[in-house]
Amino acid sequence: MSLIDEIAGMAARMESEQITLKEAILNNTTVRVSDDTIDGMDRLIYNHCLNKKALADLLGKSRNTLSKILSELEQKELISAPINQNKNHLYTRFDVANIMEALKLPTYRDYNNPVVIVVENHKGGTGKSTTTVTLAVAAALDLHLNARICVVDFDPQGTIGNHLIRNASDGSIYLTMADVLLKKHEPNKAYAEYINGGFAEEEIICNMPFQTHLPNLHVIPAFPADERFTDKYWAMSDEEKLELITRFKEVVVPALKSKYDLILIDTPPQDSPLIWAANEGADGILVPLTPREYDFASTTNYMKTMSKRLVQLPSKGQNLKWLKVLAVNVDDKSQHEMQILQKLARTAQDKFLSTNIKSSEAFKAAAGTSRTVLDIKKSEDMCPSKQFDIAEISVRSVYQQFITEIRTFSAVS
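One structure accompanies this document, and this report is about it. Just so it is clear, the structure is predicted and the values come from calculations on it, not from any experiment. (Residues numbered from 1 in each chain as written. Predicted model: local features only at pLDDT ≥ 70, side-chain atom pairs only at ≥ 80, totals over all residues. Heavy atoms only, no water.)

**Focus on helix H6 (residues 93-102)**
Taken as a whole, H6 has its buried residues at Arg 93, Asp 95, Val 96, Ile 99 and Met 100. Down the axis of H6, the buried set is contained in an arc of 155°. They therefore lie on one face. In the core, the buried residues of H6 are packed alongside strand E3 (50-51), helix H4 (52-59), helix H5 (63-75), strand E5 (88-91) and helix H7 (128-141). Lys 104 occupies a position one or two residues after H6 and carries a positive phi of about 55°. (Buried < 20%, exposed > 50% of the residue type's maximum accessible area, 1.4 Å probe, protein only. Helix = DSSP H or I, 4+ residues; strand = E, 2+ residues; numbered from the N terminus. Arc of directions from axis to C-beta. Contact = heavy atoms within 4.5 Å.)

In structure tokens, the structure reads:
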């Protein structure tokens, strides 16, 4: 047997042992969010609870009026009884969402159109996934925004889905975006089975996202098998390639926008058909990079490639309303990094966000528990207090600039 035959045999054996997306999600311990509990409640849920004072401030109600409202909603079983802790009455974000809905508070789409933002950079290690999920959590936590958020993972590594999914069951739909886009070319796959079962595409797509630890934040995971998308693309005719690239824009985006207000897409570190499909359906692009010379050089090449690639797409980039470059993992004490930031400001000009995400041990500490820095509390002592402050303040600053710009170009006319 030749070495080639041995390699082929090894690949076949590995393929037979490969688990499915469903098995990966159900077996992943992060589905439970965390093993850390407070008074029997998952730490992630607990960390985002609101007490009555915070609720009163949010709703603009007096304590007495709020108490009456909460009592009525509890009697109607629209919310659960509060969690009593140290004389505090705490309400989970799921109950807060029900309270806001019952009081008919203004929502994001009362004033803004839904948008799709693609987070991309062809260089690996530039913080795409961390940036995507952190901004998604920040938007979901923004009660004044009152928006529904969906994170779509286009990266076959599947990092985001594994970190965000709160629970899954046999009734869940275990599909990735590659499954949806390849519908016509995979007649024997799971997506085709749903279609053959009489389900409309919009119905399937809107039921794909999984719940996270926040009521208004959902996620569509990716899976290593999604790499086949690129292989199949290059084997197609020009007409089939065009149809595949536009399918996300024409079929998926309208379905997701019917349900969600802000759709954030994490992408793989490559120039590939997956990214082309995402860009064709995008309203905006966010490019994160670290202020290092090699990152600056590779991002320069990426921007040159992207400018050429966009005009080759069916929409020729005319669908894009917004593009910004965001510096992440910034060390303010590094003179070299400050020089790179100045170079970015000179070259990107108005396309460079003036805020940036700082380097902090808090990001590593949060990632170690499958959370974002906004999901941890200083009292947990997961990192030095100063490091926590650096991370939280810089993230909130970037989020405020990010969401202000998004709302500006997406305002309902």
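The structure having been displayed, the exposition proceeds.
**As for the packing of aromatic side chains**
All told, the structure shown has eight aromatic pairs when counted by the stated rule. An angle of 90° between the planes, with centres 5.9 Å apart, marks the rings of Trp 234 and Trp 276 as edge-to-face. Placement of the pair is Trp 234 in helix H12 (residues 228-234) and Trp 276 in helix H14 (residues 273-280), with a sequence separation of 42 residues. Among the residues examined, Trp 276 registers a relative accessible area of 7% and is labelled buried. Ring pairs connect the aromatic residues Tyr 233, Trp 234 and Trp 276, which therefore count as one cluster. Here Lys 343 stacks its cationic end above the ring of Phe 296, 4.5 Å away from the centre of that ring. (Phe/Tyr/Trp six-rings, centres within 6.5 Å; stacked < 30°, edge-to-face > 60°. Lys NZ or Arg CZ within 6 Å of the ring centre and 35° of its normal.)

**Comments concerning the nonpolar core**
One finds Val 152, Phe 154, Met 177, Phe 248, Val 252, Leu 256 and Ile 265 to be the most contacted residues of the largest nonpolar core, which totals 53 residues. With seven residues, the single largest contributor to this core is helix H13 (residues 238-257). In contact with Met 177, not counting residues within four places along its chain, are Val 152, Phe 154, Met 208, Ile 220, Pro 221, Phe 248 and Val 252. Ile 25, Val 133, Ala 366 and Ala 391 belong to the second-largest nonpolar core, a separate cluster that totals 52 residues. (Core = buried A, V, L, I, M, F, W, Y, C linked by side-chain atoms within 4.5 Å.)

**Quick word on the pattern of salt bridges**
A complete count under the given rule lists 23 salt bridges for this structure. Taking the shortest distance from any N to any O, the salt bridge between Arg 43 and Glu 380 comes out at 3.4 Å. On the criterion of sequence distance, the pair formed by Arg 43 in helix H3 (residues 43-47) and Glu 380 in the loop between helix H17 (361-367) and helix H18 (385-410) is long-range, its members being 337 residues apart. With relative accessibility at 16%, the residue Glu 380 sits in the buried group. (Salt bridge = Lys/Arg side-chain N within 4 Å of Asp/Glu carboxyl O.)

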